[in-house]
Amino acid sequence: RDYGATKGASHSPASPAPVPPNVPQFIIMTALAGCRAVRLTAPARVNSLKRSASVRQSAVRKAVPRSRGALSVAAAAKNYKITLLPGDGIGPEIMAVAKDILVEVGSQRDIAFDFTECLVGGAAIDATGVPLPPETLATCQASDAVLLAAIGGYKWDTLPADQRPEQGLLGLRAGLGVFANLRPANILPQLIDASSLKREVVEGTDIMVVRELIGGIYFGKPKGFGTDEAGNRTGFNTMVYSVPEIERIARVGFETAKKRSNRLCSVEKSNVLEVSQLWKEIVTKVHQEEYPEVELSHMYVDNAAMQIIRAPTQFDTIVTGNIFGDILSDAASMLTGSIGMLPSAAVGTDGPGLYEPVHGSAPDIAGTDKANPLAQVLSAAMMLRYQFGEEEAAAQMEKAVNDALDEGYRTGDIMSSGCTQVGCKKMGEILMEKIKA
């Protein structure tokens with residue numbers, strides 16, 4: 001299954017190691033069931049730290065190894081509490097690259113990360129019997145941000161639908177209240193010839209899909225199986241949106257458009273679906289009352305799917321519902337040459353955001369060192385920018401990716417003539433060299 005497959009190594013809970021008597025009490029960590037605390041240049045908190053804009057300032061300490069096992073303590077300006085969810089398939093491999101890059105960037109910029117790894121998806125099913133253990137959700141909710149790799153795989157495809165790995169992702173989104181999914185699809189100059197479309201069609205493409213994430217047909221009720229009047233077995237789902245749900249995602253769409261080219265296209269199917277008729281009505285109302293300066297257009301989803309392939313540069317910002325956004329953002333991702341290159345962010349009104357690559361778990365190449373870690377690294381950069389306002393750190397990570405591509409390094413999914421093919425680990429080493437340069 002390729003990068004577009006279901007979203008592997010399992011991660012078993014780790015028990016806390018014995019604490020040597022010379023280690024200060026404030027750096028002792030405990031492990032929750034299903035979660036493992038890790039300290040890679042990550043400082044321990046001292047006393048109770050006040051939270052402001054998800055930043056722990058000043059009163060943090062970073063443990064630094066010293067000779068004969070002793071520890072010295074150095075000050076760190078900022079400390080972010082990050083929950084890592086490696087998940088399934090290639091997830092652990094690409095997460096390892098992103099974590100190492102974060103640590104190095106943080107060490108250069110006086111930023112420290114307090115990482116805790118937790119189980120989700122198939123790995124959680126194997127270890128605990130459920131795709132989203134309560135401990136995982138609680139840890140995510142208590143963090144400053146959540147970085148996810150990938151979920152799912154063939155191994156769990158025969159489970160009942162409500163017990164499959166993907167239910168862990170849906171539950172995580174709902175539990176965090178992250179209702180807005182930001183999925184960029186922009187053409188990197190180095191990869192334009194890797195696109196499945198002609199250069200003249202895709203050149204200059206820069207689309208941001210704003211997808212509603214915790215409503216619509218994936219969450220609507222009633223749903224299930226039944227029997228019709230003729231005795232035939234049926235399956236059914238409900239596509240439903242309330243006015244407040246539409247209003248809040250519309251505002252995210254308009255605000256995003258204002259930061260770009262001031263153009264927003266609302267995608268729905270109002271010629272057939274009542275839920276889309278309400279969607280169009282409310283988006284239009286929000287536009288008239290709150291964002292008249294933004295240029296608003298409307299497009300049916302079937303036409304939008306065609307237009308994204310025919311003339312993608314006509315789009316800037318798209319706002320749409322859950323299932324339509326799921327499909328359109330994946331279609332848009334292939335304009336870039338590989339779904340393995342695209343990050344995404346899921347945010348709510350407050351609390352931790354969820355940052356993850358658009359691609360799936362690719363179980364067919366898991367453990368073979370063939371995975372592309374770039375989307376995971378770029379997702380971590382989005383986390384730094386959108387969650388913490390660390391623009392310079394985010395830009396440094398993005399520059400490392402661009403520099404590696406400029407020098408012709410490619411993983412298999414984006415390989416082209418004249419370039420040098422490398423594996424996941426080697427790409428991580430190349431990125432690290434760029435970060436340290």
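Only a predicted model underlies this, so the values are computations on that prediction, with no experimental measurement involved. (Residues numbered from 1 in each chain as written. Predicted model: local features only at pLDDT ≥ 70, side-chain atom pairs only at ≥ 80, totals over all residues. Heavy atoms only, no water.)

Please explain the confidence of the model for the chain as it appears in this structure.
Detail in the predicted coordinates should be disregarded across regions flagged by low pLDDT. On average, residues of the chain score 85 in pLDDT, and 83% of them reach the 70 mark or higher. Contacts for the low-pLDDT stretch residues 1-33, under 50 throughout, to residues beyond four places or in other chains number 86 contacts. Confidence over residues 37-74 falls short of pLDDT 50; this stretch has 91 contacts with residues more than four positions distant or in other chains. (pLDDT = per-residue confidence, 0-100. Contact = heavy atoms within 4.5 Å.)

Help me understand the nonpolar core in this model?
One recurring pattern in soluble globular proteins is that nonpolar side chains are buried together. Of all hydrophobic cores here, the largest spans 51 residues; its most connected members are Ile-82, Leu-102, Leu-147, Met-397 and Leu-431. Of all the elements in the fold, those that place two or more residues in this core are strand 5 (71-87), helix 1 (91-108), strand 6 (111-118), strand 7 (145-150), helix 10 (374-387), helix 11 (391-406) and helix 12 (424-436). Leu-102 has contacts with Phe-113, Phe-115, Leu-147, Ala-380, Met-383, Leu-384 and Met-397, leaving out every residue within four places of it along the chain. Val-146, Leu-176, Val-252 and Val-283 belong to the second largest nonpolar core, which has 39 residues in total. (Core = buried A, V, L, I, M, F, W, Y, C linked by side-chain atoms within 4.5 Å. Buried < 20%, exposed > 50% of the residue type's maximum accessible area, 1.4 Å probe, protein only. Helix = DSSP H or I, 4+ residues; strand = E, 2+ residues; numbered from the N terminus.)

Teacher, can you tell me more about the environment of Gln-108 here?
Note that Gln-108 resides in helix 1. For Gln-108, a relative accessible area of 40% corresponds to the partly exposed category. Taking the C-alpha atoms as reference, Gln-108 lies 9.1 Å from Ala-393; in sequence the two are 285 residues apart. Ignoring any residue separated from it by four or fewer positions in sequence, one finds Gln-108 in contact with Gln-396, Ile-435 and Lys-436. A polar atom in the side chain of Gln-108 sits 2.9 Å from the side chain of Gln-396. A polar atom in the side chain of Gln-108 sits 3.1 Å from the backbone oxygen of Ile-435. (Polar contact = N/O pair within 3.5 Å; in protein donor to acceptor, adjacent residues only side chain to side chain.)

Help me understand the pairing of strand 10 (residues 224-227) in this model?
The side chains of a regular strand alternate, first on one face of the sheet and then on the other. The pairing of strand 10 with strand 11 (residues 233-236) spans four bridges and is antiparallel. Within the sheet, the bridge partner assigned to Gly-224 lies in strand 11 and is Phe-236. As consecutive antiparallel partners, strand 10 and strand 11 are separated by five residues, and within that stretch Gly-231 has a phi angle of approximately 85 degrees, a positive value. (Pairing = 2+ DSSP bridges.)

What is the right way to look at empty space enclosed by the protein in this model?
One simple way to see leftover space: roll a probe sized like a water molecule over the atoms. The computed volume of the largest cavity comes to approximately 50 Å³. Looking at the largest cavity, the residues that line it are Met-239, Tyr-241, Val-267, Glu-268, Val-275, Ser-276, Trp-279, Gly-321 and Phe-324. If you list the elements that add at least two residues to the lining of the largest cavity, you get strand 12 (263-268) and helix 7 (274-290). Of the residues forming the lining of the largest cavity, the biggest block, three residues, is contributed by helix 7. Its residues placed into classes, the lining of the largest cavity shows six nonpolar, two polar and one charged. (1 Å grid on protein atoms, 1.4 Å probe; cavity = no way out; pocket = protein on both sides within 12 Å on 5 of 7 lines; lining within 4 Å. Points joined across faces, edges and corners; volume = space filled by probe spheres on them. Nonpolar A, V, L, I, M, F, W, Y, C, P; charged D, E, K, R; others polar.)

It is not clear to me how the packing of helix 1 against helix 11 should be interpreted in this structure. Could you clarify?
Between two packed helices, what matters for the description is the angle formed by their axes and the separation of those axes. Closest axis-to-axis distance for the helix 1/helix 11 pair is 10 Å, and the angle between their directions is 130 degrees. Between helix 1 and helix 11, the crossing angle belongs to the class labelled oblique. Both helix 1 and helix 11 take part in a crossing whose hand is right-handed. Touching Ile-101, Leu-102, Val-105 and Gln-108 of helix 1 are Ala-393, Gln-396 and Met-397, all from helix 11. Its residues assigned to classes, the contact of helix 1 with helix 11 shows five nonpolar, two polar and no charged. (Axes fitted to C-alpha atoms, helices over the stretch in contact; angles between N-to-C directions. Parallel < 35°, antiparallel > 145°, perpendicular 65-115°, else oblique. Left-handed = near helix turned anticlockwise from the far one by under 90°.)

I keep staring at the packing of aromatic side chains and nothing clicks. Help me out?
Any pair of aromatic rings gets described here by the distance separating the centres and the angle formed by the planes. Inspection of every chain in the model, using the stated rule, returns five aromatic pairs. For the ring pair Tyr-80 and Phe-113, a centre distance of 6.2 Å and an interplane angle of 45 degrees mean the geometry is tilted. Residue Tyr-80 is found in strand 5, and its partner Phe-113 is found in strand 6; the two are separated by 33 residues along the sequence. Here the aromatic rings of Tyr-241 and Trp-279 are separated by 5.4 Å at their centres, their planes lie at 65 degrees, and the arrangement is edge-to-face. Residue Tyr-241 is located in the loop between strand 11 and helix 6 (243-258), and its partner Trp-279 is located in helix 7; the two are separated by 38 residues in the primary sequence. This pair shows no difference in class: Tyr-241 is buried, exactly as Trp-279 is. Cluster of aromatic residues (ring-pair linked, three or more members): Tyr-80, Phe-113, Phe-115 and Phe-388. Over the ring of Phe-225 we find Arg-233, and its NZ or CZ is 4.8 Å from the ring centre. (Phe/Tyr/Trp six-rings, centres within 6.5 Å; stacked < 30°, edge-to-face > 60°. Lys NZ or Arg CZ within 6 Å of the ring centre and 35° of its normal.)

When you look at the environment of Ser-416 in this model, what are you seeing that I'm missing?
Summarising the element assignment, Ser-416 is placed in the loop between strand 17 (409-410) and strand 18 (420-421). Owing to a relative accessible area of 28%, Ser-416 belongs among the partly exposed residues under this scheme. Expressed as a C-alpha distance, the spacing of Ser-416 and Asp-193, which sit 223 residues apart in the sequence, is 8.1 Å.

Please clarify how the pattern of salt bridges should be interpreted in this entry.
Pairing between side chains of opposite charge can happen when their charged atoms approach one another. Within the structure shown, the criterion is met by 21 salt bridges. Between Arg-199 and Glu-203 there is a salt bridge whose closest N-O contact spans 3.7 Å. Linking Arg-260 and Asp-206 is a salt bridge whose minimum nitrogen-to-oxygen distance equals 3.4 Å. Here Arg-260 is found in the loop between helix 6 and strand 12, whereas its partner Asp-206 is found in strand 9 (residues 206-212), with 54 residues between them in sequence. Judged by relative accessible area, Arg-260 falls into the partly exposed class, the value being 27%. For Asp-206, a relative accessible area of 38% corresponds to the partly exposed category. Linked by salt bridges that have partners in common, Asp-193, Arg-199 and Glu-203 make up one network. (Salt bridge = Lys/Arg side-chain N within 4 Å of Asp/Glu carboxyl O.)

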